[in-house]
Amino acid sequence: MFTGIVQGTAEVIAIEEKPQFRTHTVRLPAERLTGLEPGASVAHNGCCLTVTDIEDDRVSFDLMQETLRVTNLSLLKPGYRVNIERAARFGDEIGGHAMSGHILCMAPITRIIRSENNRQVWFRLPEAYRRYLFTKGYIGIDGISLTIGEVDGGDFCVNLIPETLERTNMGFRQEQDQVNIEIDPQTQAIVDTVERVMAERAAN
């Protein structure tokens, strides 16, 4: 489980392509390496990956075809930076919301509105998932736990404070960039349950 409180970014330093498969290596800061072992879970842009090898500060992860298909990790190149969060432990403070690290889809950035002390960023969610959008609802964007500010059809926005811009890759994201989306699982469960009950009542 993850909390959506991104601990910083890490640079991708190597990518090894294989048939229907990829291994990438990131350089983690010393404070993120403490206690890290092969088999541990680390979220990259919100996507849960498993540590396969550690060599000094170089940590490698395997990405299967489905991960590459669904997430923006397929777009990475050496030199790119990804949001990093180590898996939550029992007793940790949950400052965001519970996240699984399972990416639902990608969404493009459609508009960025900059002001002196914050930034409003708009995204367009694929039609199949728009029913999960609610003003003030939780959403995971590249692994960041955020609150939806406004909803306009399939478009929605979030408002970012300087700390979020400094700590995460949202500080250098541009329009048309693709971000990973994880819908709050409680929102998904409620919407899906209500839709199923309504459909059953209509059928009767």
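Residues numbered from 1 in each chain as written. Predicted model: local features only at pLDDT ≥ 70, side-chain atom pairs only at ≥ 80, totals over all residues. Heavy atoms only, no water.

**Q** Could you clarify how one ought to interpret the pattern of salt bridges in this entry?
**A** As enumerated under the stated definition, the model contains 10 salt bridges in all. Here Arg131 ties to Glu195 by a salt bridge, and the two come within 3.1 Å at their closest N and O atoms. Here Glu195 lies in helix α4 (residues 185-203) and Arg131 lies in the loop between β8 (119-124) and β9 (138-141), a separation of 64 residues in the sequence. Among the residues examined, Glu195 registers a relative accessible area of 39% and is labelled partly exposed. Ionic pairing is found between Arg173 and Asp142, a salt bridge with its closest N-O pair at 2.7 Å. Here Asp142 lies in the loop between β9 and β10 (144-147) and Arg173 lies in the loop between α3 (162-167) and β13 (178-183), a separation of 31 residues in the sequence. Taken individually, Arg173 and Asp142 each receive the classification buried, so the pair is uniform in this respect. (Salt bridge = Lys/Arg side-chain N within 4 Å of Asp/Glu carboxyl O. Helix = DSSP H or I, 4+ residues; strand = E, 2+ residues; numbered from the N terminus. Buried < 20%, exposed > 50% of the residue type's maximum accessible area, 1.4 Å probe, protein only.)

**Q** I tried to follow the sheet that holds strand β6 (residues 81-86) on my own but got confused; where do I start?
**A** Two strands in a sheet stick together by hydrogen bonds in their backbones, pointing the same way (parallel) or opposite ways (antiparallel). The strand order around the closed barrel formed by 6 strands is β1-β2-β5-β4-β3-β6, and the pairing between neighbours is antiparallel. Adjacent strand axes in the sheet meet at a mean angle of 45°, parallel and antiparallel pairs treated alike. Direction of pairing for strand β2 (residues 21-27) relative to strand β5 (residues 58-64): antiparallel, over a ladder of 7 bridges. Each residue of the ladder has a partner; that of Arg27, found in β5, is Arg58. (Pairing = 2+ DSSP bridges. Axes fitted to C-alpha atoms, helices over the stretch in contact; angles between N-to-C directions.)

**Q** Explain the sheet that holds β8 here, please?
**A** Spatial ordering of the open sheet is given by β10-β9-β13-β7-β8-β12-β11, a layout of 7 strands whose pairing is antiparallel. The two strands at the open ends of the sheet, each matched to only one other strand, are β10 and β11 (150-152). Pairs of neighbouring strands in the sheet enclose a mean axial angle of 35°, with direction left out of account. Across 4 bridges, β9 lies against β10 in antiparallel orientation. Within the sheet, the bridge partner assigned to Gly140 lies in β10 and is Ser145.

**Q** Just checking my understanding: could you explain the state of the cysteines for this structure?
**A** Two cysteines, two sulfur atoms, one covalent bond between them: this is a disulfide. Tallying each qualifying case throughout the model produces 0 disulfides. Considering cysteine sulfurs only, Cys47 is the nearest to Cys48, which forms no disulfide, with 7.1 Å between them. As a non-bridged cysteine, Cys157 has Cys105 as the owner of its nearest cysteine sulfur, 17 Å distant. (Disulfide = S-S within 2.5 Å.)

**Q** When you look at the nonpolar core in this model, what are you seeing that I'm missing?
**A** Nonpolar side chains in soluble globular proteins tend to end up buried together. In this structure, Phe123, Ile139, Ile141, Phe156, Val158, Met170 and Ile181 are the most contacted members of the largest nonpolar core, which totals 24 residues. Elements that contribute at least two residues to this core include exactly β7 (105-114), β8, β9, β10, β12 (155-160) and β13. Counting residues per element, this core draws most heavily on β7, at 4 residues. If we ignore the near neighbours within four places in the chain, the residues touching Met170 are Ile109, Arg119, Val121, Phe123, Ile141, Ile144, Leu160 and Leu165. Grouped together as the second largest cluster of nonpolar side chains are 19 residues, Cys47, Leu49, Val59 and Leu76 included. (Core = buried A, V, L, I, M, F, W, Y, C linked by side-chain atoms within 4.5 Å. Contact = heavy atoms within 4.5 Å.)

**Q** What's the story with the side chain of Asn180 in this structure? I'm lost.
**A** Along the chain, Asn180 turns up in strand β13. Among all residues touching Asn180, those that are not within four sequence positions of it are His44, Asn45, Thr71, Asn72, Ile103, Cys105, Met106, Gly140, Ile141 and Asp142.

**Q** How should a nonpolar patch on the surface be read in this particular structure?
**A** A cluster of nonpolar side chains, namely Ile190, Val194 and Met198, defines an oily patch on the protein surface of about 310 Å² accessible area. Examined against the element boundaries, Ile190 turns out to sit in helix α4. (Patch = residues over 30% accessible without salt bridge, like charges linked within 9 Å, V, L, I, M, F, W, Y side chains within 5 Å. Areas by Shrake-Rupley, 256 points an atom, 1.4 Å probe, with all protein chains shown as cover.)

**Q** Can you walk me through the pairing of strand β3 (residues 41-44) in this structure?
**A** For a regular strand, side chains alternate in direction, first toward one face of the sheet and then toward the other. Pairing analysis gives 4 bridges linking β3 to strand β4 (residues 47-55), with the strands arranged antiparallel. Across the sheet, Ala43 pairs through a bridge with Cys48, a residue of β4. Here β3 folds back onto β4 in antiparallel fashion, the turn holding 2 residues, of which Asn45 has a positive phi close to 50°. Two strands pair when backbone bridges link them, and β3 and β6 are joined in this way by 3 bridges, in the antiparallel orientation. Along β6, the bridge assignment pairs His44 with Ile84.

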